Amino acid sequence: MDVDRSMLAVARRHAPTQEWLHGDLTHLDSLGLETGFDLALAAGNVIPLLAPGTEPEVVRQLAAVLRPGGLLITGMGLDAEHLPLPEPTVALTEFDHWCTDAGLTLRERFATWAGDPYRPGDGYAVSVHARSTA
Ligand SMILES: C[S@@+](CC[C@H](N)C(=O)[O-])C[C@H]1O[C@@H](n2cnc3c(N)ncnc32)[C@H](O)[C@@H]1O
């Protein structure tokens, strides 16, 4: 899913048999999707590139489509070297607060998609949050 049709065109070229939806993650609930997903993936700096101020709502919307125990996996740059932006827009502490408010708990954090261990100060984080089972 993407709000930018040109990005969807690229995605469709790479994976033509996959279903690709045009929509705004801030209003994910308006798409009438089924809920109870095992996993939601926001790779490639989706969170830092959201419109400023919409991030907590997007995290809430993504958490809401997960089943209890389902995972939200995100990848985001934390410095200019890992972002298509002059400076970071989101800090991990802030992101973790949004997740906690959305009923998500941090399970694991890596520095790369290959699973290298994350250390404070690293420029990239892959975070695995789980929806509460309560
Ligand atoms: C750096 S791109 C990553 C694209 C793709 N996920 C990937 O990993 O290659 C970030 C994407 O987030 C999309 N985006 C930003 N805000 C959005 C929103 N509110 N709803 C849906 N997509 C959004 C942008 O259009 C952009 O295509």
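Throughout what follows, the structure given in this document is the object of discussion. (Residues numbered from 1 in each chain as written. Predicted model: local features only at pLDDT ≥ 70, side-chain atom pairs only at ≥ 80, totals over all residues.)

Looking at chain direction, strand 1 (residues 37-42) and strand 2 (residues 66-77) are connected through five bridges and run parallel. Across the sheet, the residue bridging to A42 is T74, located in strand 2. Crossover handedness for the path strand 1 to helix 2 (residues 55-64) to strand 2: right-handed. (Pairing = 2+ DSSP bridges. Helix = DSSP H or I, 4+ residues; strand = E, 2+ residues; numbered from the N terminus. Right-handed = clockwise from strand over helix to strand, strands pointing away.)

Moving on, we get to the sheet that holds strand 2. Pairing is mixed across the open sheet formed by four strands, whose spatial order is 1-2-4-3. At either margin of the open sheet sits one strand with a lone partner, and together these are strand 1 and strand 3 (104-110). For this sheet, the mean inter-axis angle between neighbouring strands, taken without regard to orientation, is 20 degrees. Judged from the seven bridges that link them, strand 2 and strand 4 (residues 124-131) form a sheet pairing that is antiparallel. Across the sheet, T74 pairs through a bridge with S127, a residue of strand 4. In this fold helix 2 packs onto strand 1, strand 2, strand 3 and strand 4, with an angle of close to 140 degrees to the strand it touches most, strand 2. (Axes fitted to C-alpha atoms, helices over the stretch in contact; angles between N-to-C directions. Contact = placed C-beta atoms within 7 Å.)

The next subject is the packing of helix 2 against helix 3 (residues 92-101). Look at helix 2 against helix 3: their axes get within 9 Å of each other, and the N-to-C directions meet at 45 degrees. Taken together, helix 2 and helix 3 sit at an angle that is classed as oblique. The two elements helix 2 and helix 3 meet at a crossing, and its hand is right-handed. Two secondary-structure elements touch here, helix 2 through E55, P56 and V59 and helix 3 through W98, C99 and D101. The class makeup of the residues in the contact of helix 2 with helix 3 is four nonpolar, no polar and two charged. (Parallel < 35°, antiparallel > 145°, perpendicular 65-115°, else oblique. Left-handed = near helix turned anticlockwise from the far one by under 90°. Nonpolar A, V, L, I, M, F, W, Y, C, P; charged D, E, K, R; others polar.)

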